[in-house]
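Observations on the model geometry
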Number of protein chains: 2
Amino acid sequence: MMAPPNPARSLVAPHALLPQGWAAQVLLAWDAAGTLVEVTPGATAGGAMPRAPGVVLPGMPNLHSHAFQRAFAGLTEVRADGEDSFWRWREHMYRFAAGLTPDLLEDIATQLYVEMLRAGYTSVCEFHYVHHDRDGRPYATRAEMALRLSAAARRAGIGLTLLPVLYQASGFGGAPARPEQRRFVDTVEGVLHLVEDLRGLAECVGLAPHSLRAVPPAALREAIAGLDRIDPRAPIHLHIAEQQREVDDCLAWSGRRPLRWLLDELPLDGRWCLVHATHADAGELRAIAAAGATVGLCPTTEANLGDGIFPAADYLATGGAWGIGSDSHASVDVAEELRLLEYGQRLLRQRRNVLASAARPDVAERLWLDAVAGGARASGRPIGGLAVGQRADFLVLDSGSAWQGLDAGQVLASHVFAHHGERALREVWVGGERRVADGEHPLARESQRRFVAARAQLLDGV
Amino acid sequence: MMAPPNPARSLVAPHALLPQGWAAQVLLAWDAAGTLVEVTPGATAGGAMPRAPGVVLPGMPNLHSHAFQRAFAGLTEVRADGEDSFWRWREHMYRFAAGLTPDLLEDIATQLYVEMLRAGYTSVCEFHYVHHDRDGRPYATRAEMALRLSAAARRAGIGLTLLPVLYQASGFGGAPARPEQRRFVDTVEGVLHLVEDLRGLAECVGLAPHSLRAVPPAALREAIAGLDRIDPRAPIHLHIAEQQREVDDCLAWSGRRPLRWLLDELPLDGRWCLVHATHADAGELRAIAAAGATVGLCPTTEANLGDGIFPAADYLATGGAWGIGSDSHASVDVAEELRLLEYGQRLLRQRRNVLASAARPDVAERLWLDAVAGGARASGRPIGGLAVGQRADFLVLDSGSAWQGLDAGQVLASHVFAHHGERALREVWVGGERRVADGEHPLARESQRRFVAARAQLLDGV
């Protein structure tokens, strides 16, 4: 360090979780653009340097979100019968999507992003598919809906990766889209225009071919080739192997399971995020890891939708990348996603601390660091942890009050695995800006008011 | 009603969940002892009658608690290796139990009971096994430790069923107790004395033969016969079929699975609460239901300890009774227990709303009412819901702020299944006394301070 850091853009963390593990007295400093320029353990800071009021963690990327689905979180658990499923839930979702307007989407997304920040997510990947108006016609500004997501992210102060979705079919083999899908459907050319229009309006713009069932092979290849011409490093996300029926339908169509088909047919690499991958076999898990793709796990949504339990212990043993997403937003809580991921494995294997490893025997630490690193890769952004050159995205957990007397690892373990009604998260910083102070976001009251009104309007229409 | 209800002991709930389902404008009135004397839907209350500030639910009984385990919640997730299990967790538990004193237990339990109230539990069954001093000698007052639990419950204001534990062996066939179990071990006579000493110091006193592995058959029969002489209606709880190893060991010992052995050998009835019953087969499930016993499910603990997934859909289809407990207190959250119970079934069966029924198509309503009714039965107390003759134990969920515009069923469904960082629980009433107002318990700050000091002292010793 040549000059003392600017106190307005630095602090000392009594304990911080760095990519290599815990460190004490860590000086964090960032530049005016919000990029870390110094991460120095053992700092002997002068009295002028602010101290973080607790344990500092890297902020969590949320690698999978459909913002508008927040509007009906908890509202698909009523008036069910014994045969309820993912596919029936999808009909609910279509009804809510049908009523969406740009204003409603912006209000819902703003509230959601405020909630994400309060929960410890410092960035979000929007897998965005409601492109058109209620009749399926492009808006006058083609990117209208995506612009509203961008505006919401800016207002809330969360980092954004925008992934416009390519959606064309209602099933494998190019079955025509259903009328309920008309707001989602576009040509490859249309979606690539959207990608170009959006560059600069989010921190990163990639592409999301919705799934193998919604995108025929020729369109998939054409879209990826088009994206390569725009930005050969842009992230590519798709839903895959979420439901057993999808696996069965893909087998019927191609003779191959969906992950097998994808691995055989396309050159997967570190740009790819395979969302869910719930029904993956051992060979597929190894191939995903070997390709360097990221698996996008959404444990609370995968539980809520009855997808099944991802074979996480087997996958993590390959060293493959993964991260977490709140997806349908039934829950927006980093700790609950990680807890449920580990608990699913414990229930399956009848063991404890299944996802701990020899290198990382503290399971919460292992899960947190893995999910940050994988989430950063899927987001196409430098948000992979507390290291020079990465964004200054970080959280401060209370290490006083209920957590007094615990060491930093115990505070983190308690945050993820022990839940007694207290909010541990005190501060959330994004790109060096404090977005949440004392557990609260300044926009919370206003965004909730607008969200409630937006939801009421949508509920009127369904 | 002969006279208008005393406004200090009554209120009108705009919406309340009664045993038969939702009702509007429900007048609730209770007597000076805290028992409901009127539950009248469609009331046209005068202006003097207070209104509940939201949706009213019956308070949830917590049917299984080991209070002292709260002290290490979240602290057994660190420094694990790949072979961690329930049995290794038990060694942690023994170390914490070794350091316990009466003062520490009271401080831990007080904090726990405050947390339970804030989470919506209005009563608790204490499965209490740390009877003796560090050397395994009875305290001068034999009931010393149980008295501290009783004092904690009174201070916090939660209903209490005390279940002194009979513990004698370290394995099936009467293997001698280990030194680490010396604080738990007692004679049948000793435990029956404890039961007698404690009557009047809790709302209900029963007996907990720890498990088939810790209580040989002769002692089990003798203890139950003794309990019958004291109170032939007192509840009887035991741990059973929690871990596969327990099933295997029981088979090796007796040739029968633990639930089969119990069903064959003892006359189960409505007094019995079978805690966990995780590894139950179809015949055992039917027999439990036919006997009228209650299954005590502890979903967050059963996940945390890697017990396995209870076959809840099959059991609920029998119409059998069940309730929930927070057990080891990794989580203290009614909503999370019910959510995880349903999510386990969704993940297994790859369906949604698995535990809804034709009679109760709203899954959260079904789960809530079942768990209240079963919890009441296991508690041996009139706390089975909002009906005349039951205790005035109830909760008020916020139906404004984030929940504005939702109907009562949607508010409940959101409380259980949608989690966005807001506390919905505004008020908690126990026996007609408001223990939590505006989400807060008056003792919270003081109890947390004492808890933190108690934990620090215990951590020093392990």
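Worth saying up front: this structure is predicted, and the values here are computed from it rather than measured.

Attention shifts here to the overall build of chain A. Secondary structure assignment for chain A yields 14 helices and 18 strands. Taking 462 residues into account, the globule formula puts the C-alpha radius of gyration at 23 Å, and chain A, at 21 Å, falls close to it. By its C-alpha atoms, chain A is 65 × 50 × 45 Å across when sized along the principal axes. With 462 residues in all, chain A has 66% of them scored as buried. In chain A, of all internal contacts separated by at least 6 residues, the share reaching a separation of at least 24 is 73%. Looking at chain A as shown, the accessible area adds up to about 15,000 Å², and 49% of this sits on carbon and sulfur atoms. Of note, chain A has its 46 positive side-chain charges centred 1 Å away from the centre of its 54 negative side-chain charges.

Right, let's talk about the confidence of the model for chain A for a bit. Taken residue by residue, chain A gives an average pLDDT of 96. The fraction at 70 or more is 98%. This prediction of the complex comes with two scores: 0.98 for pTM and 0.97 for ipTM.

Taken together, the contact pairs 69 residues of chain B with 69 residues of chain A. Summed over both partners, the interface of chain B with chain A buries about 6,000 Å², with 47% contributed by carbon and sulfur atoms. Contact with chain A buries surface across chain B, with Leu347, Arg352 and His420 of chain B losing the most and accounting together for 14% of the total. Counting the contacts that link chain B with chain A gives 10 salt bridges. Of the charged contacts, one joins Glu336 of chain B and Arg339 of chain A as a salt bridge, the two residues approaching to 3.0 Å between their closest N and O atoms. For the side of chain B that touches chain A, the secondary-structure elements that each account for two or more residues are α1 (86-99), α2 (102-119), α9 (299-304), α11 (334-349), α13 (408-417) and α14 (444-461) of chain B. When the residues that make up the side of chain B that touches chain A are grouped by side-chain class, the tally is 25 nonpolar, 23 polar and 21 charged.

Time to look at helix α5 (residues 217-230) of chain A. Residues and elements named next belong to chain A. With 14 residues, α5 extends 20 Å between its outermost C-alpha atoms, agreeing within 8% with the 20 Å of an ideal straight helix rising 1.5 Å per residue. Listed as buried for α5 are Ala219, Leu220, Ala223, Ile224, Gly226, Leu227 and Ile230. One face of α5 carries all of its buried residues, which in axial projection span an arc of 160°. In α5, those exposed residues whose orientation departs by more than 90 degrees from the buried face are Ala218 and Arg229.

Bringing the environment of Ala146 of chain A into the picture now. Among the secondary structure elements, Ala146 of chain A is positioned in helix α3 (residues 144-156). With near-sequence residues (within four places) excluded, Ala146 of chain A lies in contact with His128, Leu162 and Leu198 of chain A.

This part covers the environment of Ala169 of chain B. Residue and element names in this part refer to chain B. Within the fold, Ala169 resides in strand β8 (residues 169-171). The class for Ala169 is buried, based on a relative accessible area of 2%. Between the C-alpha atom of Ala169 and that of Arg183, which follows or precedes it by 14 residues, the distance is 12 Å. Apart from residues no more than four positions distant in its own chain, Ala169 is found in contact with Gly174, Ala175, Ala177, Gln181, Arg213, Ala214 and Pro216.

Our focus in this paragraph is the sheet that holds strand β13 (residues 272-276) of chain A. All names here are of chain A. In space, the four strands of this open sheet follow the order β12-β13-β14-β15, with parallel pairing throughout. With partners counted over all chains shown, the strands left at the sheet margins are β12 (236-240) and β15 (321-324), one partner each. Between one strand axis and the next, the sheet turns through 25° on average, direction left out of account. Relative to strand β14 (residues 294-297), β13 runs parallel, the two being bridged by three bridges. By the bridge assignment for β14, Cys273 is matched with Thr294.

Now for the pairing of strand β6 (residues 121-128) of chain A. Residue and element names in this part refer to chain A. Judged by how many residues are buried, β6 sits mostly within the fold: eight of eight residues are covered. Where strand β5 (residues 60-65) lies against β6, four bridges are found, and the strand directions are parallel. Each residue of the ladder has a partner; that of Pro61, found in β6, is Ser123. Note that β6 and strand β7 (residues 159-166) share six bridges and pair parallel. When the sheet's bridge partners are listed, Ser123 is paired in β7 with Gly159. On the question of chirality, the crossover connecting β6 to the parallel β7 by way of α3 is right-handed.

Looking now at the packing of α11 of chain B against α13 of chain B. Residues and elements named next belong to chain B. Running from amino to carboxyl end, α11 crosses α13 at an angle of 80°, the nearest separation of the two axes being 8 Å. Taken together, the axes of α11 and α13 are roughly perpendicular relative to one another. Side by side, α11 and α13 meet where Ala335, Leu338, Arg339, Glu342, Tyr343 and Arg346 of the first sit next to His415, Val416 and Phe417 of the second. Tallied by class, residues from the contact of α11 with α13 come to five nonpolar, one polar and three charged.

A few words on the relation of the copies chain B and chain A. Superposing the two chain copies requires a rotation about an axis and a translation along that axis. Its rotation angle being 180°, the transformation that places chain B on chain A also includes 0.0 Å of axial translation and leaves an RMSD of 0.0 Å. The operation mapping one copy onto its partner corresponds to a two-fold rotation axis. The overlap is high: 100% of the interface residues of chain B also sit at the interface in chain A, so the same surface is used on both sides.

Here we take up unusual backbone geometry. Residues and elements named next belong to chain A. Although it is not a glycine, Asp438 adopts a positive phi angle of roughly 55°. Tracing the sequence through the fold places Asp438 in the loop between β18 (433-436) and α14 (444-461). A relative accessible area of 61% places Asp438 in the exposed class.

Scanning the model with the defined rule gives 66 salt bridges over all chains in all. Of the charged contacts in the structure, one is a salt bridge between Glu422 of chain B and Arg118 of chain A, with a shortest N-O distance of 3.2 Å. Residue Glu422 of chain B is found in the loop between α13 and β17 (425-430), and its partner Arg118 of chain A is found in helix α2 (residues 102-119); the two belong to separate chains. Among the residues examined, Glu422 of chain B registers a relative accessible area of 36% and is labelled partly exposed. Across the pair Glu180 of chain A and Arg178 of chain A runs a salt bridge whose closest N-O atoms are separated by 2.9 Å. Among the charged side chains, a salt-bridge network with shared partners connects Glu77 and Asp84 of chain A together with Glu342, Arg346 and Arg352 of chain B.

In this section: the nonpolar core. Of all hydrophobic cores here, the largest spans 292 residues; its most connected members are Tyr113, Trp322 and Trp368 of chain A together with Tyr113, Trp322 and Trp368 of chain B. Discounting chain neighbours no more than four positions away, the residues touching Tyr113 of chain A are Ala67, Val124, Glu126, Leu149, Ala152, Ala153, Ala156, Ile158 and Leu160 of chain A.

Here the focus is the sheet that holds strand β12 (residues 236-240) of chain B. Residue and element names in this part refer to chain B. Here four strands make up an open sheet; going across it, the order is β12-β13-β14-β15 and the pairing parallel. Here the strands that pair on one side only, and so sit at the sheet edges, are β12 and β15 (321-324). Strand-to-strand twist in this sheet, taken as the mean axis angle between neighbours without regard to direction, amounts to 25°. Sheet analysis places β12 next to strand β13 (residues 272-276), joined by five bridges and oriented parallel. Looking at the pairing, Ile240 lines up with His276 of β13.

A separate point is the side chain of Arg381 of chain B. All names here are of chain B. One can find Arg381 in the loop between α12 (363-379) and β16 (394-397). For the buried Arg381, which has no salt bridge, the nearest side chain bearing the opposite charge is Glu203, at an N-O separation of 4.8 Å. Residues in contact with Arg381, not counting those within four places in the same chain, are Ser123, Gly159, Leu160, Thr161, Glu203, Cys204, Ala376 and Arg391.

The contact between helix α11 (residues 334-349) of chain A and α11 of chain B brings their axes to 13 Å, and the two run at 45°. With respect to α11 of chain B, the axis of α11 of chain A lies oblique. For the pair α11 of chain A and α11 of chain B, the sense of crossing is right-handed. When α11 of chain A is examined against α11 of chain B, the residues Glu336, Arg339, Leu340 and Tyr343 of chain A are found in contact with a partner set consisting of Glu336, Arg339, Leu340 and Tyr343 of chain B. Here the contact of α11 of chain A with α11 of chain B is composed, by residue class, of four nonpolar, no polar and four charged.

What follows deals with α11 of chain B. Residue and element names in this part refer to chain B. In a regular helix each residue adds 1.5 Å, so 16 residues correspond to 22 Å; α11 covers 23 Å between its end C-alpha atoms and thus fits that length. With a side-chain oxygen positioned 2.9 Å from the backbone nitrogen of Ala335, the residue opening α11 is Asp333. Just beyond α11, the residue with positive phi is Gln350, at close to 55°.

Calculation notes
- Residues numbered from 1 in each chain as written.
- Chains lettered and ligands numbered in written order.
- Predicted model: local features only at pLDDT ≥ 70, side-chain atom pairs only at ≥ 80, totals over all residues.
- Heavy atoms only, no water.
- Helix = DSSP H or I, 4+ residues; strand = E, 2+ residues; numbered from the N terminus.
- Rg over C-alpha atoms; globule rule 2.2 N^0.38 Å.
- Buried < 20%, exposed > 50% of the residue type's maximum accessible area, 1.4 Å probe, protein only.
- Contact = heavy atoms within 4.5 Å.
- Areas by Shrake-Rupley, 256 points an atom, 1.4 Å probe, with all protein chains shown as cover.
- Lys, Arg positive; Asp, Glu negative; His and termini not counted.
- Charge placed at Lys NZ, Arg CZ, Asp CG, Glu CD.
- pLDDT = per-residue confidence, 0-100.
- Buried area = accessible area lost by both parts, 1.4 Å probe.
- Salt bridge = Lys/Arg side-chain N within 4 Å of Asp/Glu carboxyl O.
- Nonpolar A, V, L, I, M, F, W, Y, C, P; charged D, E, K, R; others polar.
- Expected span 1.5 Å × (residues − 1).
- Arc of directions from axis to C-beta.
- Pairing = 2+ DSSP bridges.
- Axes fitted to C-alpha atoms, helices over the stretch in contact; angles between N-to-C directions.
- Right-handed = clockwise from strand over helix to strand, strands pointing away.
- Parallel < 35°, antiparallel > 145°, perpendicular 65-115°, else oblique.
- Least-squares fit on C-alpha atoms with pLDDT ≥ 70 in both.
- Core = buried A, V, L, I, M, F, W, Y, C linked by side-chain atoms within 4.5 Å.
- Left-handed = near helix turned anticlockwise from the far one by under 90°.
- Polar contact = N/O pair within 3.5 Å; in protein donor to acceptor, adjacent residues only side chain to side chain.

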